[in-house]
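# Secondary and tertiary structure notes
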Amino acid sequence: CLLSDGASDQTLEAVIIGLNRMANEPSVRGTMIQQGVLSKLIKIEKEEKNPSELRKKILRNIRHCIGKLLVTTNPGLLTSAQRMGAIKPLIQL
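Residues numbered from 1 in each chain as written. Predicted model: local features only at pLDDT ≥ 70, side-chain atom pairs only at ≥ 80, totals over all residues. Heavy atoms only, no water.

## Regarding the overall build of the protein
From N to C terminus, the protein includes six helices and zero strands. Secondary structure elements of the protein, listed N to C terminal, follow the sequence α-α-α-α-α-α. Since a compact globule built from 93 residues should have a radius of gyration of about 12 Å, the 12 Å found for the protein is in line with a globular shape. Its C-alpha atoms give the protein principal-axis dimensions of roughly 35 × 25 × 25 Å. Across the 93 residues of the protein, 35% fall into the buried class. Long-range contacts, defined as pairs at least 24 residues apart, comprise 71% of the intrachain contacts of the protein with a sequence gap of at least 6. Surface summary for the protein: the accessible area is close to 5,600 Å², and the carbon and sulfur share equals 56%. (Helix = DSSP H or I, 4+ residues; strand = E, 2+ residues; numbered from the N terminus. Rg over C-alpha atoms; globule rule 2.2 N^0.38 Å. Buried < 20%, exposed > 50% of the residue type's maximum accessible area, 1.4 Å probe, protein only. Contact = heavy atoms within 4.5 Å. Areas by Shrake-Rupley, 256 points an atom, 1.4 Å probe, with all protein chains shown as cover.)

Laid out in structure tokens, this is it:
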């Protein structure tokens, strides 16, 4: 996915805002997780080391999106990497 590979901060922000809005609808959360959204959000969040102010805003939106995706998801259906990877972003909310 090109989200973290060369996308501008503005593009990344727009995509994350769109994903956040989609995650507001409980009926699509499972599909979003199946399509790899959760894993990609965890990966982007994990790779960020010294974020700028815009990146901090993006990271906050990523963490909120992870929370929205997981609030109605049975943790038993997630991979161990997804379960473990989601802990830090949720704690940092």
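## A short note on helix H3 (residues 37-47)
For H3, every residue scored as buried is listed here: Val 37, Leu 38, Lys 40, Leu 41, Ile 42, Ile 44 and Glu 45. Against the buried residues of H3 lie helix H1 (9-23), helix H2 (26-34), helix H4 (53-71), helix H5 (80-85) and helix H6 (87-91).

## Brief notes about the nonpolar core
Ranked by size, the top nonpolar core spans 20 residues in total, and within it Ile 16, Leu 19, Leu 38, Leu 41, Ile 62, Ile 66 and Leu 69 carry the most contacts. Contributions of two or more residues to this core are made by H1, H2, H3 and H4. Among the elements that line this core, the one with the most residues is H4, at seven residues. Contact partners of Ile 16, with chain neighbours within four places excluded, come to Leu 41, Ile 58, Asn 61 and Ile 62. (Core = buried A, V, L, I, M, F, W, Y, C linked by side-chain atoms within 4.5 Å.)

## Regarding the pattern of salt bridges
Any two side chains of opposite charge can pair if their charged atoms end up close together. Here the structure, examined in full by the defined rule, presents five salt bridges. With a closest N to O distance of 2.9 Å, Glu 45 and Arg 63 form a salt bridge. Placement of Glu 45 in helix H3 and of Arg 63 in helix H4 is noted, with a sequence separation of 18 residues between them. There is no split in this pair, since Glu 45 and Arg 63 are both buried. With a closest N to O distance of 3.0 Å, Arg 55 and Glu 48 form a salt bridge. (Salt bridge = Lys/Arg side-chain N within 4 Å of Asp/Glu carboxyl O.)

## A short note on the environment of Thr 73
Among the secondary structure elements, Thr 73 is positioned in the loop between H4 and H5. Only 2.6 Å separates the side chain of Thr 73 from the backbone oxygen of Leu 69, close enough to count as a polar contact. (Polar contact = N/O pair within 3.5 Å; in protein donor to acceptor, adjacent residues only side chain to side chain.)

## A short note on the environment of Met 32
Inspection of the secondary structure assignment puts Met 32 in helix H2. Separated by 26 residues in sequence, Met 32 and Ile 58 have C-alpha atoms that sit 19 Å apart. When sequence neighbours within four positions are dropped, the list of residues in contact with Met 32 reads Leu 19, Met 22, Ala 23, Val 37, Leu 38 and Leu 69.

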